[in-house]
Amino acid sequence: MDELGPSRVRLSWRLTNVESGANNNDDDGGGRYYVATFDNDGTHRKVKACTLVVTIPTYAIGTSLDVVLPGSADLFGRGKSDNAKISGGVSYPPVASVTVAYPKSTFLDIDLADGSGNLRDLPGFGMVSTRSAGLRILATLVSSSLFPGRCPMEYNLLSCTIGGARDEAVGAMSEDDLVAVVDGDLRTMLLRPEAPHPKVLGLEIWPRTIPQYELGHSDTMTELKRMEDANDAGGLWVCGNYRTGVSLTACINFGYNQAKVVAGHLSSKRRG
Ligand SMILES: Cc1cc2nc3c(=O)[nH]c(=O)nc-3n(C[C@H](O)[C@H](O)[C@H](O)COP(=O)(O)OP(=O)(O)OC[C@H]3O[C@@H](n4cnc5c(N)ncnc54)[C@H](O)[C@@H]3O)c2cc1C
């Protein structure tokens, strides 16, 4: 962000509409252009561009692209699950992150079989849990083992993730209830019965998180590709983690590759 500078990266502007037009001359890459309208707290701004890569989540697209991609409002308005109905054709289930600390002395006193130490010191990265184990926590990171100085030596600090596609109720839970569920699961897994109520150091609820590639997702993406291809103006791409893979690595790799696609499109327009 600092490297790109404030004239290239503008924060807090919400895309509301995209239209296209035609130039009288070909100075800026030839022929067609897009006008994207952004809103920032009631202030509107139009940006003209030869190409447009739209990387906002599907639930934010709404009707904004319907002029240039007819049918996109309907496509992203379709629901396959209850969550998808409110999320623009793709399901983005909620996730909460709850960060808690307990005294080391209240963890189970077990020497681990692999010789890595005593469970009280939680000598590891963390753990992933399964619903079949009767737990609601999805994953736990032992922040105090991963990063030095995160909490006093006599404590363990745990960042627990809860929610996801198989536990969407999490999105409507109170903070107290979330802490109670996390505390209950940690007591089942790691703590002695007399462990105190945890120190709650962080709690964040994301109502819409990672897009789910549900049955039918591929058809939705095929339809999106058909709309892009049918756009005579060319130079408009609609993408994001719902299309390119959800891992950060996949998103970054996609960004590098898409930049080459955009550069190729612009140079072919200049040549043509
Ligand atoms: C809780 C959580 C934990 C994760 N953990 C990991 C992990 O450990 N490892 C990993 O590899 N991946 C992880 N992921 C996945 C990964 O972070 C995401 O898939 C990735 O960051 C998505 O990138 P994106 O650019 O597609 O979307 P986003 O990062 O969601 O970017 C979309 C952007 O669009 C903006 N926007 C929304 N509406 C508008 C609008 N109308 N106009 C303009 N802008 C708008 C948003 O503000 C946002 O900045 C995690 C995701 C979540 C939610």
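Residues numbered from 1 in each chain as written. Predicted model: local features only at pLDDT ≥ 70, side-chain atom pairs only at ≥ 80, totals over all residues. Heavy atoms only, no water.

An unreviewed UniProt entry annotates the protein as Protoporphyrinogen oxidase of Cyclostephanos tholiformis. UniProt lists a comment for the protein under the heading Catalytic activity (unreviewed entry), and it reads "protoporphyrinogen IX + 3 O2 = protoporphyrin IX + 3 H2O2". Regarding the protein, the UniProt comment filed under Sequence similarities (unreviewed entry) reads as follows: "Belongs to the protoporphyrinogen/coproporphyrinogen oxidase family. Protoporphyrinogen oxidase subfamily." (UniProt positions renumbered as here; feature names shortened; annotations may be inferred.)

Bringing the sheet that holds strand S5 (residues 95–103) into the picture now. Pairing is antiparallel in the open sheet, where 5 strands are placed in the order S6-S7-S8-S5-S9. Strand pairing shows two members of the sheet lacking a second neighbour, strand S6 (126–128) and strand S9 (199–206), which therefore form its edges. Averaged over all neighbouring strand pairs, the angle between strand axes comes to 15 degrees, with direction disregarded. Relative to strand S8 (residues 155–163), S5 is paired through 9 bridges, and the arrangement is antiparallel. The partner of Ala101 across the bridge, within S8, is Leu157. The sheet contacts of helix H5 (residues 175–189) involve S5, strand S7 (137–142), S8 and S9, and relative to S5 the element is tilted by about 55 degrees. (Pairing = 2+ DSSP bridges. Helix = DSSP H or I, 4+ residues; strand = E, 2+ residues; numbered from the N terminus. Axes fitted to C-alpha atoms, helices over the stretch in contact; angles between N-to-C directions. Contact = heavy atoms within 4.5 Å.)

Okay, the environment of Thr244 next. Mapping Thr244 onto the fold places it in helix H7 (residues 241–244). The exposure class assigned to Thr244 is partly exposed, which follows from its relative accessible area of 22%. Remark: the alpha-carbon pair of Thr244 and Val18, spanning 226 residues in sequence, is separated by 22 Å. Residue contacts for Thr244: discarding those within four places in its chain leaves Tyr213, Cys239, Ala250 and Phe254. A distance of 3.0 Å separates a polar atom in the side chain of Thr244 from the backbone oxygen of Gly240. (Buried < 20%, exposed > 50% of the residue type's maximum accessible area, 1.4 Å probe, protein only. Polar contact = N/O pair within 3.5 Å; in protein donor to acceptor, adjacent residues only side chain to side chain.)

On to the environment of Gly21, then. One can find Gly21 in strand S1 (residues 14–22). Between the C-alpha atom of Gly21 and that of Lys48, which follows or precedes it by 27 residues, the distance is 9.5 Å. Not counting chain neighbours up to four residues away, the residues in contact with Gly21 comprise Gly31, Arg32 and Tyr33.

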